[in-house]
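Summary of the model geometry
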Amino acid sequence: MSKPQPARGMRDILPTEAAIRDWVQAKILATYRRFGYTRIETPALENIQLLTGDDGGENAKLVFKVLKRGEKLDLAKPGMSEDDLVDLGLRFDLTVPLVRFFTTNRAQLPRVLKAIQIGPVWRAERPQKGRYRQFTQCDIDIIGLEEGLAEAELLVASAEALIAVGFEGFTIRLNDRRILTAIAAASGVEEARHGSVFITLDKLDKIGVDGVRKELAQQGFAEAQIDRLSTMLAGVDGISVEAFAKRLGASLDAKVPALIGEVLDAVGADAGNRYRVAFDPTLVRGMGYYTGPVFEIAQPGYDFSIAGGGRYDRMVGKLSGEEAPACGFSIGFERVVAVLMDKTFVPPAEAKLTALLVPEGTALARALTAARMLRSEGLAPSLFPLEKKLGRQLEGLQASGFTHYATLDGDGPPAIRAMKAPAR
RNA sequence: GCGGGCGUAGCUCAGUUGGUUAGAGCGCCAGAUUGUGGAUCUGGAGGUCGCCGGUUCAAUCCCGGUCGCUCGCCCCA
């Protein structure tokens, strides 16, 4: 007697969570609009070529692919491969579709596009705690601005959005892809293998220096390379970008630490004591498309990050042949909601949710009139038949969010009563 | 893609060293009592013990497979 379930890794959103999600989304959108960003939407499906290009990195392997339809789906043809059967895929992030959107609609868009996107993305990976195969992302991106102003504004706007939904005491970690490249180069790692060094480096806070050394050794890196790498990264906790740049010497362009330093100072000043911004040379970020500054926000007490982003200056050019600088910051909507659910957060109601209890035999017209009257007084009345066991009924209504009730008896206006605090 | 744990009532879980009719709490339904806030009492419905196969006189229990859920790894938000 197995009941139907949602597809693996997918989940239903129940009323309590849906209310939180609506509230979070409204807060985030309102914040971003005050920074001058405009909302855009792109389709859930994109042509498969866009998604399986090399810009998605590992994510490209996790695309949900969609079969061709009708005559184009010729299963009988010999020697069929997956590519022959598939022509569409579900987006795995919002950045690749945004770049496609920008190249498609460039003529009608402002020279500098500041876009908000909020919507579901899909990844065909194994579900796990806090990880689903469908999840919502909330991105802001700036296409058309070189590094500096864009990064500073994205960081501040995202931090303000998190503050607006009640987060505090978080830290924005900031690094730059070029600093990572310099670290790898100065350690004598050939360029083709930078990626795997970065991925291992990213785990430093989780597995420690010894863990990183061990993993690099397993991947076949030379003792000398590993030694140089760990010397460079020794005691970097809280190090200034200027001090760290000295360790790298000539392998790093001096403009990079200057830029990062300026962003840190500016955002730090704007933050005051509400949140922190810190340089972290071990911050990597998974996506292969990042070219410059990268950043991430973690919430104390949770081991996953709640926001991440960076600069991806090559992507537009790769797709359209015409370059445009781009930078974005993505809030992990699901994780923000998860944190609020943990706190059993209840969004403030706009109107008093009032159950209007209608005794048997009451004329429908009378019920509607009474409800209309309450609505005009700013309440949110909802009609239910009055049940025999009032206590039971009120308890149930209270559980689904009603804060007030009234019984429709007699001819006069119904008397609104507040629900009692739940008995313990 | 790789590894561990778990599938018994609507929910949370007991249980059987393999042996007639598989249990509790909560919830649900009906009635009584109360008579416009949760109480109490009585009665009731609801399970091919995830699915398929094997071992056995006998399987919810042991074995194999499968599906689902879950927690890690890889990777990621």
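That block above? That's the structure.
An account of the accompanying structure is given in this report.

Reading the values: rules and limits
- Residues numbered from 1 in each chain as written.
- Chains lettered and ligands numbered in written order.
- Predicted model: local features only at pLDDT ≥ 70, side-chain atom pairs only at ≥ 80, totals over all residues.
- Heavy atoms only, no water.
- Helix = DSSP H or I, 4+ residues; strand = E, 2+ residues; numbered from the N terminus.
- Buried < 20%, exposed > 50% of the residue type's maximum accessible area, 1.4 Å probe, protein only.
- Contact = heavy atoms within 4.5 Å.
- Areas by Shrake-Rupley, 256 points an atom, 1.4 Å probe, with all protein chains shown as cover.
- Lys, Arg positive; Asp, Glu negative; His and termini not counted.
- Charge placed at Lys NZ, Arg CZ, Asp CG, Glu CD.
- 1 Å grid on protein atoms, 1.4 Å probe; cavity = no way out; pocket = protein on both sides within 12 Å on 5 of 7 lines; lining within 4 Å.
- Points joined across faces, edges and corners; volume = space filled by probe spheres on them.
- Nonpolar A, V, L, I, M, F, W, Y, C, P; charged D, E, K, R; others polar.
- Pairing = 2+ DSSP bridges.
- Axes fitted to C-alpha atoms, helices over the stretch in contact; angles between N-to-C directions.
- Left-handed = near helix turned anticlockwise from the far one by under 90°.
- Core = buried A, V, L, I, M, F, W, Y, C linked by side-chain atoms within 4.5 Å.

Right, let's talk about the overall build of chain A for a bit. Within chain A one finds 15 helices and 15 strands. With respect to the three principal axes, the spread of C-alpha positions in chain A is 90 × 65 × 50 Å. Scored against the burial criterion, the 424 residues of chain A give a buried share of 46%. Partitioning the contacts of chain A with sequence separation of at least 6, the portion at a separation of at least 24 is 67%. Carbon and sulfur atoms make up 53% of the accessible area of chain A, which totals about 22600 Å². When the 54 basic and 54 acidic side-chain charges of chain A are each reduced to a single mean position, those positions are 5 Å apart.

Mapped onto the fold, Glu334 is located in helix 13 (residues 333–342). In contact with Glu334, not counting residues within four places along its chain, are Arg11, Arg21, Phe135 and Thr136.

This next bit is on empty space enclosed by the protein. This structure, assessed with the given rule, holds two cavities of 30 Å³ or more. Lining the largest cavity we find Leu201, Leu204, Val209, Val212, Arg213, Leu216, Ile226, Leu229, Ser230, Leu233 and Ala234. Among the elements of the structure, helix 8 (204–218) and helix 9 (223–232) are those that each provide at least two residues to the lining of the largest cavity. Considering every element that reaches the lining of the largest cavity, the biggest residue donor is helix 8, with five residues. Of the residues assigned to the lining of the largest cavity, the class counts are nine nonpolar, one polar and one charged. The volume enclosed by the second largest cavity comes to roughly 40 Å³.

Looking now at the layout of surface pockets. Considering only enclosed or pocket space, the second largest pocket measures out at about 700 Å³ in volume. Contributing to the lining of the second largest pocket are 22 residues, with Ala19, Val346, Pro347, Leu353 and Gly401 lying nearest its centre. Broken down by secondary-structure element, the contributors of at least two residues to the lining of the second largest pocket are helix 1 (15–34) and helix 15 (390–399). Ranked by the residues each element gives to the lining of the second largest pocket, the list is headed by helix 1, at six residues. Among the residues making up the lining of the second largest pocket, the classes are represented as 14 nonpolar, five polar and three charged.

Across the sheet, which stays open at both edges, the three strands sit in the order 2-4-3 with antiparallel pairing between neighbours. Of all the strands in the sheet, just strand 2 (45–47) and strand 3 (65–67) have a single pairing partner and so form its edges. When the angles between neighbouring strand axes are averaged without regard to direction, this sheet yields 40°. Sheet analysis places strand 2 next to strand 4 (residues 86–90), joined by three bridges and oriented antiparallel. Note on strand 4: the bridge partner recorded for Asn47 is Leu88.

Closest axis-to-axis distance for the helix 1/helix 5 (residues 149–164) pair is 9 Å, and the angle between their directions is 145°. As helix 1 packs across helix 5, the resulting crossing turns out to be right-handed. Together, Trp23, Lys27, Ile28, Thr31 and Tyr32 of helix 1 and Ala157, Ser158, Glu160, Ala161 and Ala164 of helix 5 make up the contact between the two elements. Partitioning the contact of helix 1 with helix 5 into residue classes produces six nonpolar, two polar and two charged.

This part takes up the nonpolar core. In this structure, Val24 and Tyr32 are the most contacted members of the largest nonpolar core, which totals 75 residues. Counting residues per element, this core draws most heavily on helix 5, which supplies nine residues. Among all residues touching Val24, those that are not within four sequence positions of it are Val165, Phe333, Val336, Val337 and Leu340. Counting residues in hydrophobic clusters, the runner-up holds 26 residues, among them Leu50, Leu51, Leu85 and Val316.

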